[in-house]
Amino acid sequence: MNNIDELERHLDLLNEVLNSDNESDANEDELYERRIEVRRRMVPFYRQRADIFDLFDDNQIYKVFRFDKASIWYIEGLISNKLGRKLFGRRCLLPIEQILVSLQFYANGTFQSTVGNVLKISQPSVSRCVRDVSNALCEISSDHIFFPANLLEIQRGFTEIANLRGVVGSVDGTHIRIARPHHDEEIYVNRKGYHSINVQGICDAECNFLSVSASKPGSSHDSNVFADSVIGRAFKNNEFGQSYLLGDSGYACTPFLLTPYSQPEGRAEERFNTAHKNTRNTIERIFGTVKRRFHCLHGEIRLQPGRTCRVIMACCVLHNIARKRNQPDFDEGVEEGEVFEIRMPPENNDVNENVNQEKLRLRREGFAKRQRITLNQFTY
């Protein structure tokens, strides 16, 4: 029985008692008992909340929330101090309840959830839970999404894939569909005609996020998202030395971000492209994994852009936590071929006269570095 049916039953019972008051021959004791029954049944919903951990077994817990019980309590320990509300009375939701509701929203992408009904939580309260938990997870994002000080382990992991040395990350973008924004609608329309957020991710060989930028509208090009990001500026300022990222042809080829040959000539360049593809596809796998675990990223997020960006970042933080906690991948909900909605058009490798001198220099250095790697590692 859902909340509406329960409320209607209570109202019918109350009307019955009120009508009985008008009967002159009604027994006073009977009326008194009926009034007591009404008061007993119309207990506020928040006092009837059930313990989900008692209702669901381990398999149901994982299927509904995408984490096991121990991991959910681990998440509660990370952000519970950020979820306290300065409210009086008994209606205040506990941090674990807010987390359960939010995890269920991330998993299904809808406010009308079975968990909300079981916990006797209204849709506005569910919305506030998602807002608060997403904000809390964003606050701790730097503790779970970061480049380590020692990059050798990351380089070793990528080298083992296809013997491409010096790689410290795979970068790509994916579009998360959103509801029509109230303001600046046109900048959120991507080239396929729907509203979205262009999310840039960088990952290691183990499919952990090293960097996430989830603040650019759908009309932004992948290369511009990278150039404007904090991590993009760090690579440009040579903070990572001779290490470099791998990106598809939607990015400009630079000394710190190598792209494949658009028209490979000879066996060496073909081998480089094959190694590049096999190494870079870790970022495609991680986007697919995240969207399968948190289905809200695969459908349409019915929130305004600011809150949507925080939900996306929260899901990326939870992905890294899931990897750290050895949670199995969630394989339901997204069909093959549906994971990546968009691919930006490839950039022309022929640098034209309108490109400024800085970009021209970086492109030339990028082509030269790619050629050196090809000759040193793939000529045999």
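If you check an unreviewed UniProt entry, the protein appears there as Putative nuclease HARBI1 from Daphnia galeata. Per UniProt, the protein has the following entry under Cofactor (unreviewed entry): "a divalent metal cation". In the Sequence similarities (unreviewed entry) part of its UniProt record, the protein is described as follows: "Belongs to the HARBI1 family."

Q: Could you clarify how one ought to interpret the overall build of the protein in this entry?
A: When helices and strands are counted, the protein shows 15 helices and five strands. Within the protein, the proportion of its 380 residues that are buried is 49%. Long-range contacts, defined here as pairs at least 24 residues apart, represent 70% of the contacts in the protein between residues at least 6 apart. Of the accessible surface of the protein, which amounts to about 19,700 Å², a share of 47% is contributed by carbon and sulfur atoms.

Q: Help me understand the sheet that holds strand 4 (residues 244-246), please; the structure alone is not making it clear to me.
A: Hydrogen bonds between backbone atoms are what pair the strands of a sheet, whose relative direction is either parallel or antiparallel. Taken in spatial order, the five strands of this open sheet run 3-2-1-4-5, and their pairing is mixed. Strands with a single pairing partner mark the edges of an open sheet, and in this sheet they are strand 3 (209-217) and strand 5 (257-258). Most of the contacts of helix 14 (residues 305-324) go to strand 3, to which it runs at about 170 degrees, and overall it touches strand 1 (167-177), strand 2 (196-203) and strand 3.

Q: It is not clear to me how the pattern of salt bridges should be interpreted in this structure. Could you clarify?
A: Side-chain pairs of opposite charge can arise where the charged atoms are in close proximity. Tallied over the full model, the rule gives 12 salt bridges. Across the salt bridge formed by E139 and K82, the nearest N and O atoms sit 3.3 Å from each other. Pair noted here: E139 is in helix 8 (residues 123-139) and K82 is in the loop between helix 5 (69-79) and helix 6 (95-108), with a separation of 57 residues, a long-range link. A relative accessible area of 53% means that E139 is categorised as exposed. Look at K82 and you get partly exposed, because its relative accessible area is 34%. Salt-bridge contacts for R267 lead to E270; the nearest nitrogen and oxygen are separated by 3.7 Å. One end of the pair, R267, and the other, E270, are both in helix 12 (residues 267-280), three residues apart, so they sit about a helical turn from each other.

Q: What exactly am I supposed to notice about the environment of S229 here?
A: With respect to the secondary-structure elements, S229 resides in the loop between helix 10 (222-228) and helix 11 (230-236). The residues touching S229, leaving out its near neighbours within four places in the chain, are Q200 and S213.

Q: Sorry if this is basic, but what is going on with unusual backbone geometry here?
A: Backbone geometry places C207, a non-glycine residue, at a positive phi of 65 degrees. Tracing the backbone shows C207 in the loop between strand 2 and strand 3. A relative accessible area of 12% places C207 in the buried class. Positive phi outside glycine occurs at N326, with the angle close to 60 degrees.

Q: When you look at the packing of helix 6 against helix 14 in this model, what are you seeing that I'm missing?
A: Relative orientation and spacing of two packed helices are given, respectively, by the angle between their axes and the distance between those axes. Look at helix 6 against helix 14: their axes get within 11 Å of each other, and the N-to-C directions meet at 100 degrees. By the angle between their axes, helix 6 is roughly perpendicular relative to helix 14. Side by side, helix 6 and helix 14 meet where L103, F105 and Y106 of the first sit next to V311, A314, C315 and L318 of the second. Among the residues making up the contact of helix 6 with helix 14, the classes are represented as seven nonpolar, no polar and no charged.

Q: Even after reading the chapter, I still don't get the pairing of strand 3, so can you show me in this structure?
A: A regular strand places its side chains so that they alternate between the two faces of the sheet. With seven of nine residues buried, strand 3 lies mostly within the body of the structure. For strand 2 and strand 3, the ladder comprises six bridges, and the chain directions are antiparallel. Bridge pairing links N198 to K216 in strand 3.

Q: Explain the packing of aromatic side chains to me, please; I cannot follow it from the model alone.
A: The geometry of an aromatic ring pair comes down to the distance between the two centres and the angle between the two planes. Counted under the stated rule, the structure contains 12 aromatic pairs. Chaining the aromatic ring pairs together yields one cluster made of F67, F105, Y106 and F294. Directly above the aromatic system of F67 lies the positively charged group of R293, at a separation of 5.9 Å from the ring centroid. The positively charged end of R370 is found above the aromatic ring belonging to Y261, 4.1 Å away from the centroid.

Q: Honestly, the side chain of N190 in this entry has me stumped. Any pointers?
A: With respect to the secondary-structure elements, N190 resides in the loop between strand 1 and strand 2. Side chain to side chain, N190 and S196 meet in a polar contact 3.0 Å long.

Q: Would you take a moment to explain the packing of helix 12 against helix 15 (residues 357-378) for this structure?
A: As a packed pair, helix 12 and helix 15 sit with axes 9 Å apart at the nearest point and diverge in direction by 100 degrees. As summarised for this structure, helix 12 and helix 15 are arranged roughly perpendicular, according to the angle between their axes. Note on element contacts: helix 15 touches helix 12 through R370, Q371, I373, T374 and F378, opposite A268, E269, R271, F272 and A275. Residue composition of the contact of helix 12 with helix 15, by class: five nonpolar, two polar and three charged.

About the thresholds
Residues numbered from 1 in each chain as written. Predicted model: local features only at pLDDT ≥ 70, side-chain atom pairs only at ≥ 80, totals over all residues. Heavy atoms only, no water. UniProt positions renumbered as here; feature names shortened; annotations may be inferred. Helix = DSSP H or I, 4+ residues; strand = E, 2+ residues; numbered from the N terminus. Buried < 20%, exposed > 50% of the residue type's maximum accessible area, 1.4 Å probe, protein only. Contact = heavy atoms within 4.5 Å. Areas by Shrake-Rupley, 256 points an atom, 1.4 Å probe, with all protein chains shown as cover. Pairing = 2+ DSSP bridges. Axes fitted to C-alpha atoms, helices over the stretch in contact; angles between N-to-C directions. Salt bridge = Lys/Arg side-chain N within 4 Å of Asp/Glu carboxyl O. Parallel < 35°, antiparallel > 145°, perpendicular 65-115°, else oblique. Nonpolar A, V, L, I, M, F, W, Y, C, P; charged D, E, K, R; others polar. Phe/Tyr/Trp six-rings, centres within 6.5 Å; stacked < 30°, edge-to-face > 60°. Lys NZ or Arg CZ within 6 Å of the ring centre and 35° of its normal. Polar contact = N/O pair within 3.5 Å; in protein donor to acceptor, adjacent residues only side chain to side chain.

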